[in-house]
Amino acid sequence: MPYELYYWDGIQGRGEFVRLALEEAGADYIDVTRDKEGGGTDRMMKIMQSRSDPLVPFAPPFLVDGELLIPHVANILLYLGPKLGLSPADEAQRFVANGLQLTITDLVAEAHDTHHPIAGSLYYEDQKEEAKARAAEFIVYRIPMFLGYFERVLKQNPAGPDHPVGDGLTYVDLSLFQVVEGLRYAFPKAMRRTEREWPALIALHDAVARRPNISRYLESERRLPFSEAGIFRHYPELEAHLDP
Ligand SMILES: N[C@@H](CCC(=O)N[C@@H](CS)C(=O)NCC(=O)O)C(=O)O
(Lines give C-alpha, C1' and ligand atoms only; values in the text may rest on other atoms or scores of the structure.)
Protein backbone atom coordinates (compact mmCIF):
# COMPACT_ATOMS: atom_id res chain seq x y z
CA MET A 1 0.00 0.00 0.00
CA PRO A 2 1.44 3.39 -0.90
CA TYR A 3 1.76 6.00 1.82
CA GLU A 4 -0.86 8.73 1.55
CA LEU A 5 0.31 12.29 2.18
CA TYR A 6 -2.43 14.83 2.86
CA TYR A 7 -1.61 18.50 2.47
CA TRP A 8 -3.13 21.63 0.93
CA ASP A 9 -3.04 21.51 -2.86
CA GLY A 10 -0.93 23.95 -4.86
CA ILE A 11 1.80 24.86 -2.37
CA GLN A 12 4.99 23.33 -1.00
CA GLY A 13 4.20 24.46 2.55
CA ARG A 14 4.91 22.17 5.46
CA GLY A 15 4.09 19.16 3.30
CA GLU A 16 7.36 19.69 1.47
CA PHE A 17 9.44 18.46 4.41
CA VAL A 18 7.64 15.12 4.16
CA ARG A 19 7.76 15.02 0.36
CA LEU A 20 11.53 15.45 0.36
CA ALA A 21 11.93 12.37 2.57
CA LEU A 22 9.56 10.29 0.45
CA GLU A 23 11.27 11.43 -2.74
CA GLU A 24 14.81 10.82 -1.46
CA ALA A 25 13.83 7.27 -0.48
CA GLY A 26 11.98 6.64 -3.77
CA ALA A 27 8.97 5.64 -1.64
CA ASP A 28 5.64 4.70 -3.13
CA TYR A 29 3.29 7.51 -2.08
CA ILE A 30 0.20 9.37 -3.18
CA ASP A 31 0.09 13.13 -2.74
CA VAL A 32 -3.65 12.88 -2.19
CA THR A 33 -4.87 16.41 -2.97
CA ARG A 34 -2.78 16.50 -6.14
CA ASP A 35 -3.72 13.06 -7.32
CA LYS A 36 -5.01 12.96 -10.88
CA GLU A 37 -8.01 10.89 -9.76
CA GLY A 38 -9.35 14.10 -8.17
CA GLY A 39 -11.43 14.59 -5.06
CA GLY A 40 -8.37 14.56 -2.79
CA THR A 41 -9.12 17.86 -1.07
CA ASP A 42 -12.66 16.68 -0.30
CA ARG A 43 -11.22 13.49 1.20
CA MET A 44 -8.79 15.51 3.30
CA MET A 45 -11.52 17.82 4.58
CA LYS A 46 -13.74 14.86 5.39
CA ILE A 47 -10.97 13.31 7.50
CA MET A 48 -10.32 16.59 9.32
CA GLN A 49 -14.00 17.19 9.97
CA SER A 50 -14.67 13.69 11.29
CA ARG A 51 -16.80 13.59 14.44
CA SER A 52 -16.08 9.91 15.14
CA ASP A 53 -12.46 9.05 14.22
CA PRO A 54 -10.26 9.19 17.34
CA LEU A 55 -7.25 9.87 15.07
CA VAL A 56 -8.76 13.08 13.68
CA PRO A 57 -5.94 15.53 12.86
CA PHE A 58 -6.07 19.24 13.66
CA ALA A 59 -4.28 20.37 10.50
CA PRO A 60 -2.35 19.04 7.53
CA PRO A 61 0.16 17.69 6.76
CA PHE A 62 -0.76 14.22 7.91
CA LEU A 63 0.26 10.82 6.67
CA VAL A 64 -1.92 7.74 6.34
CA ASP A 65 -0.22 4.36 6.41
CA GLY A 66 -2.85 1.64 6.49
CA GLU A 67 -4.76 2.02 9.75
CA LEU A 68 -2.41 4.70 11.09
CA LEU A 69 -2.91 8.43 10.69
CA ILE A 70 0.08 10.55 11.76
CA PRO A 71 -0.09 14.36 11.98
CA HIS A 72 2.68 16.98 12.39
CA VAL A 73 5.78 17.12 10.21
CA ALA A 74 8.25 16.13 12.94
CA ASN A 75 6.03 13.26 14.07
CA ILE A 76 5.58 12.02 10.50
CA LEU A 77 9.33 12.08 9.94
CA LEU A 78 9.99 10.33 13.26
CA TYR A 79 7.66 7.58 12.02
CA LEU A 80 8.88 7.43 8.42
CA GLY A 81 12.60 7.86 9.10
CA PRO A 82 13.41 4.25 10.05
CA LYS A 83 11.13 2.85 7.34
CA LEU A 84 12.77 4.98 4.64
CA GLY A 85 16.35 4.52 5.88
CA LEU A 86 16.50 8.20 6.83
CA SER A 87 16.96 7.95 10.60
CA PRO A 88 20.06 7.26 12.66
CA ALA A 89 20.41 3.54 13.42
CA ASP A 90 20.88 4.26 17.13
CA GLU A 91 17.61 4.80 19.03
CA ALA A 92 18.98 7.57 21.24
CA GLN A 93 20.18 9.41 18.14
CA ARG A 94 16.67 9.27 16.73
CA PHE A 95 15.57 11.56 19.51
CA VAL A 96 18.43 13.90 18.66
CA ALA A 97 17.10 13.96 15.09
CA ASN A 98 13.59 14.58 16.37
CA GLY A 99 14.83 17.44 18.56
CA LEU A 100 16.48 19.06 15.55
CA GLN A 101 13.33 18.58 13.49
CA LEU A 102 11.24 20.21 16.22
CA THR A 103 13.61 23.18 16.16
CA ILE A 104 12.97 23.38 12.42
CA THR A 105 9.24 23.31 13.22
CA ASP A 106 9.77 26.37 15.44
CA LEU A 107 11.74 28.16 12.74
CA VAL A 108 9.03 27.44 10.16
CA ALA A 109 6.35 28.84 12.50
CA GLU A 110 8.39 32.01 12.95
CA ALA A 111 8.96 32.32 9.19
CA HIS A 112 5.18 32.08 8.77
CA ASP A 113 4.65 34.78 11.39
CA THR A 114 6.80 37.27 9.46
CA HIS A 115 3.96 37.63 6.95
CA HIS A 116 1.08 36.81 9.35
CA PRO A 117 2.18 38.27 12.69
CA ILE A 118 -1.33 39.05 13.92
CA ALA A 119 -3.54 36.26 12.58
CA GLY A 120 -3.59 33.57 9.93
CA SER A 121 -7.22 34.44 9.32
CA LEU A 122 -6.40 37.99 8.16
CA TYR A 123 -4.97 38.97 4.77
CA TYR A 124 -1.29 39.88 4.64
CA GLU A 125 -2.34 43.35 3.43
CA ASP A 126 -4.26 43.86 6.69
CA GLN A 127 -1.18 43.24 8.83
CA LYS A 128 1.55 44.64 6.59
CA GLU A 129 2.93 47.17 9.07
CA GLU A 130 3.18 44.56 11.82
CA ALA A 131 4.72 42.18 9.29
CA LYS A 132 7.45 44.71 8.52
CA ALA A 133 8.35 44.98 12.21
CA ARG A 134 8.21 41.23 12.72
CA ALA A 135 10.28 40.49 9.61
CA ALA A 136 12.95 43.01 10.61
CA GLU A 137 13.30 41.24 13.95
CA PHE A 138 13.34 37.83 12.29
CA ILE A 139 16.05 38.91 9.84
CA VAL A 140 18.30 40.54 12.41
CA TYR A 141 17.96 38.14 15.33
CA ARG A 142 16.14 34.96 14.56
CA ILE A 143 17.66 33.84 11.22
CA PRO A 144 21.19 34.15 12.68
CA MET A 145 20.11 32.39 15.88
CA PHE A 146 18.54 29.45 14.09
CA LEU A 147 21.07 29.08 11.27
CA GLY A 148 23.99 29.77 13.62
CA TYR A 149 22.64 27.00 15.84
CA PHE A 150 22.44 24.50 12.96
CA GLU A 151 25.95 25.51 11.87
CA ARG A 152 27.20 24.74 15.39
CA VAL A 153 25.37 21.41 15.43
CA LEU A 154 27.06 20.44 12.16
CA LYS A 155 30.51 21.51 13.35
CA GLN A 156 30.09 19.84 16.75
CA ASN A 157 28.96 16.52 15.30
CA PRO A 158 31.72 14.08 16.32
CA ALA A 159 31.16 12.19 13.05
CA GLY A 160 32.00 15.33 11.06
CA PRO A 161 30.18 18.36 9.67
CA ASP A 162 28.61 16.61 6.67
CA HIS A 163 25.48 15.73 8.65
CA PRO A 164 23.69 17.21 11.66
CA VAL A 165 23.24 13.86 13.40
CA GLY A 166 25.24 10.65 13.02
CA ASP A 167 27.46 9.90 10.06
CA GLY A 168 24.83 9.45 7.36
CA LEU A 169 21.96 11.21 5.65
CA THR A 170 18.76 11.61 7.69
CA TYR A 171 15.52 13.45 7.14
CA VAL A 172 17.02 16.36 9.12
CA ASP A 173 19.55 16.95 6.31
CA LEU A 174 16.67 17.17 3.84
CA SER A 175 14.69 19.55 6.03
CA LEU A 176 17.72 21.82 6.49
CA PHE A 177 18.04 21.93 2.71
CA GLN A 178 14.43 23.11 2.53
CA VAL A 179 15.00 25.71 5.26
CA VAL A 180 17.86 27.26 3.28
CA GLU A 181 15.81 27.15 0.07
CA GLY A 182 12.82 28.75 1.77
CA LEU A 183 14.78 31.51 3.47
CA ARG A 184 16.63 32.29 0.24
CA TYR A 185 13.28 32.66 -1.48
CA ALA A 186 11.65 34.75 1.23
CA PHE A 187 14.57 36.95 2.22
CA PRO A 188 17.08 36.95 -0.66
CA LYS A 189 18.84 40.15 0.39
CA ALA A 190 19.25 39.03 4.00
CA MET A 191 20.52 35.61 2.95
CA ARG A 192 22.95 37.04 0.39
CA ARG A 193 24.43 39.22 3.11
CA THR A 194 24.74 36.57 5.77
CA GLU A 195 24.86 33.04 4.47
CA ARG A 196 28.65 32.95 4.20
CA GLU A 197 28.58 32.84 8.01
CA TRP A 198 27.17 29.32 7.84
CA PRO A 199 29.49 27.43 5.46
CA ALA A 200 28.75 23.95 6.82
CA LEU A 201 25.01 24.49 6.49
CA ILE A 202 25.35 25.79 2.94
CA ALA A 203 27.63 22.87 2.05
CA LEU A 204 24.97 20.51 3.43
CA HIS A 205 22.30 22.28 1.35
CA ASP A 206 24.41 21.91 -1.80
CA ALA A 207 25.15 18.24 -1.10
CA VAL A 208 21.43 17.49 -0.67
CA ALA A 209 20.61 19.33 -3.91
CA ARG A 210 23.11 17.08 -5.74
CA ARG A 211 21.59 13.82 -4.51
CA PRO A 212 20.21 11.97 -7.57
CA ASN A 213 16.65 11.46 -6.32
CA ILE A 214 16.44 14.98 -4.92
CA SER A 215 17.80 16.67 -8.03
CA ARG A 216 15.39 14.63 -10.19
CA TYR A 217 12.55 15.68 -7.90
CA LEU A 218 13.56 19.35 -7.98
CA GLU A 219 13.48 19.24 -11.78
CA SER A 220 10.12 17.50 -11.87
CA GLU A 221 6.62 18.95 -11.98
CA ARG A 222 6.01 17.47 -8.55
CA ARG A 223 8.20 20.20 -7.05
CA LEU A 224 5.97 23.25 -7.01
CA PRO A 225 7.57 26.68 -7.05
CA PHE A 226 7.64 28.80 -3.89
CA SER A 227 4.82 31.32 -3.89
CA GLU A 228 3.01 33.93 -1.84
CA ALA A 229 0.51 31.28 -0.77
CA GLY A 230 3.04 29.16 1.08
CA ILE A 231 4.98 29.35 4.33
CA PHE A 232 8.07 31.05 2.89
CA ARG A 233 6.82 34.13 1.07
CA HIS A 234 8.73 36.84 -0.72
CA TYR A 235 7.36 40.32 -0.09
CA PRO A 236 10.14 42.73 -1.11
CA GLU A 237 8.86 45.38 1.32
CA LEU A 238 9.67 43.11 4.26
CA GLU A 239 13.38 43.50 3.62
CA ALA A 240 13.31 46.88 1.86
CA HIS A 241 15.35 48.34 4.72
CA LEU A 242 18.37 46.23 3.72
CA ASP A 243 21.01 47.23 1.20
CA PRO A 244 20.85 45.31 -2.10
N1 LIG B 1 2.80 21.64 13.93
C2 LIG B 1 2.18 21.31 12.68
C3 LIG B 1 1.60 22.57 12.07
C4 LIG B 1 0.53 22.26 11.06
C5 LIG B 1 -0.02 23.52 10.45
O6 LIG B 1 0.06 24.62 10.99
N7 LIG B 1 -0.59 23.36 9.25
C8 LIG B 1 -1.11 24.51 8.54
C9 LIG B 1 -0.78 24.41 7.07
S10 LIG B 1 0.95 24.54 6.81
C11 LIG B 1 -2.60 24.55 8.69
O12 LIG B 1 -3.35 24.11 7.84
N13 LIG B 1 -3.06 25.12 9.79
C14 LIG B 1 -4.44 25.31 10.06
C15 LIG B 1 -4.65 26.02 11.37
O16 LIG B 1 -3.66 26.22 12.10
O17 LIG B 1 -5.78 26.38 11.65
C18 LIG B 1 3.20 20.64 11.76
O19 LIG B 1 4.40 20.87 11.95
O20 LIG B 1 2.81 19.88 10.87
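Just so it is clear, the model here is predicted, and its values are computed rather than measured.

> What's the story with unusual backbone geometry in this structure? I'm lost.
The phi angle of most residues is negative, glycine excepted, and most peptide bonds adopt the trans form. The omega torsion across Pro60 and Pro61 is 5°, close enough to zero to call that bond cis. Among the structural elements, Pro61 can be located in the loop between helix H2 (40–48) and strand S3 (62–65). Although it is not a glycine, His72 sits at a positive phi angle of roughly 80°. On the secondary structure map, His72 appears in the loop between strand S4 (68–71) and helix H3 (73–84).

> What's the story with the packing of aromatic side chains in this structure? I'm lost.
What describes a pair of aromatic rings is the distance from one ring centre to the other and the angle between the planes of the rings. What the rule picks out here adds up to six aromatic pairs. Aromatic pair Phe226 and Phe232: ring centres 6.3 Å apart, planes at 85°, arrangement edge-to-face. Phe232 carries the same exposure label as Phe226, and that label is buried. Ring pairs connect the aromatic residues Tyr185, Phe226 and Phe232, which therefore count as one cluster.

> Which parts of the structure should I look at to understand the pattern of salt bridges?
Close approach of charged atoms allows side chains with opposite charge to pair. The full count for this structure, using the stated rule, is 14 salt bridges. A salt bridge links Arg223 to Glu16; the nearest nitrogen and oxygen atoms lie 2.8 Å apart. Separated by 207 residues along the polypeptide, Arg223 in the segment after helix H9 (212–219) and Glu16 in helix H1 (residues 15–24) bring together distant segments of the chain. Assessed through its relative accessible area of 0%, Glu16 is described here as buried.

> What am I meant to see in the domain arrangement of the protein here?
On domain assignment, one finds that the protein holds domain 1 (3–84) and domain 2 (91–211 + 228–239). Contacts between domain 1 and domain 2 engage 15 residues on the former and 20 residues on the latter. Of the roughly 1400 Å² buried where domain 1 meets domain 2, counting both sides, 72% is carbon and sulfur surface. The largest share of the area that domain 1 buries against domain 2 comes from Arg14, Phe17 and Glu24, three residues that together contribute 37% of it. Along the contact surface separating domain 1 from domain 2 lie one salt bridge. Residue Arg211 pairs with Glu24 through a salt bridge whose shortest N-O separation is 2.9 Å. Inspection of the region where domain 1 meets domain 2 yields two residue pairs in polar contact (both at pLDDT 80 or more). If you list the elements that add at least two residues to the side of domain 1 that touches domain 2, you get H1 and H3. In terms of residues, the side of domain 1 that touches domain 2 owes the most to one element, H3, which gives six residues.

> For this particular structure, what's the right way to read the pairing of strand S1 (residues 3–6)?
The two faces of S1 match: Tyr3 and Leu5 on one face and Glu4 and Tyr6 on the other face are all buried. Bridging between S1 and strand S2 (residues 29–31) involves three bridges; their strand directions are parallel. Opposite Tyr3, over in S2, you have Tyr29 as the bridge partner. After leaving S1, the chain enters H1 and then returns to the sheet as S2, a path that is right-handed. By the bridge criterion, three bridges tie S1 to S3 in an arrangement that is antiparallel. Looking at S3, one finds that Leu5 is bridged to Leu63.

> Would you explain the site of the ligand in this entry?
Tyr7, Trp8, Arg14, Phe58, Ala59, Pro60, Pro61, His72, Val73 and Ile231 make up every residue found near the ligand. A distance of 3.3 Å separates an oxygen atom of the ligand from a polar side-chain atom of Arg14. A distance of 2.8 Å separates a nitrogen atom of the ligand from a polar backbone atom of Pro60. Expressed as a share of its isolated accessible area of 500 Å², the protein-covered part of the ligand is 67%. Classifying every residue of the shell around the ligand gives eight nonpolar, one polar and one charged.

Rules of the game
- Residues numbered from 1 in each chain as written.
- Predicted model: local features only at pLDDT ≥ 70, side-chain atom pairs only at ≥ 80, totals over all residues.
- Heavy atoms only, no water.
- Helix = DSSP H or I, 4+ residues; strand = E, 2+ residues; numbered from the N terminus.
- Phe/Tyr/Trp six-rings, centres within 6.5 Å; stacked < 30°, edge-to-face > 60°.
- Buried < 20%, exposed > 50% of the residue type's maximum accessible area, 1.4 Å probe, protein only.
- Salt bridge = Lys/Arg side-chain N within 4 Å of Asp/Glu carboxyl O.
- Domains from an automatic or database assignment.
- Contact = heavy atoms within 4.5 Å.
- Buried area = accessible area lost by both parts, 1.4 Å probe.
- Polar contact = N/O pair within 3.5 Å; in protein donor to acceptor, adjacent residues only side chain to side chain.
- Pairing = 2+ DSSP bridges.
- Right-handed = clockwise from strand over helix to strand, strands pointing away.
- Near = heavy atom within 4 Å.
- Areas by Shrake-Rupley, 256 points an atom, 1.4 Å probe, with all protein chains shown as cover.
- Nonpolar A, V, L, I, M, F, W, Y, C, P; charged D, E, K, R; others polar.

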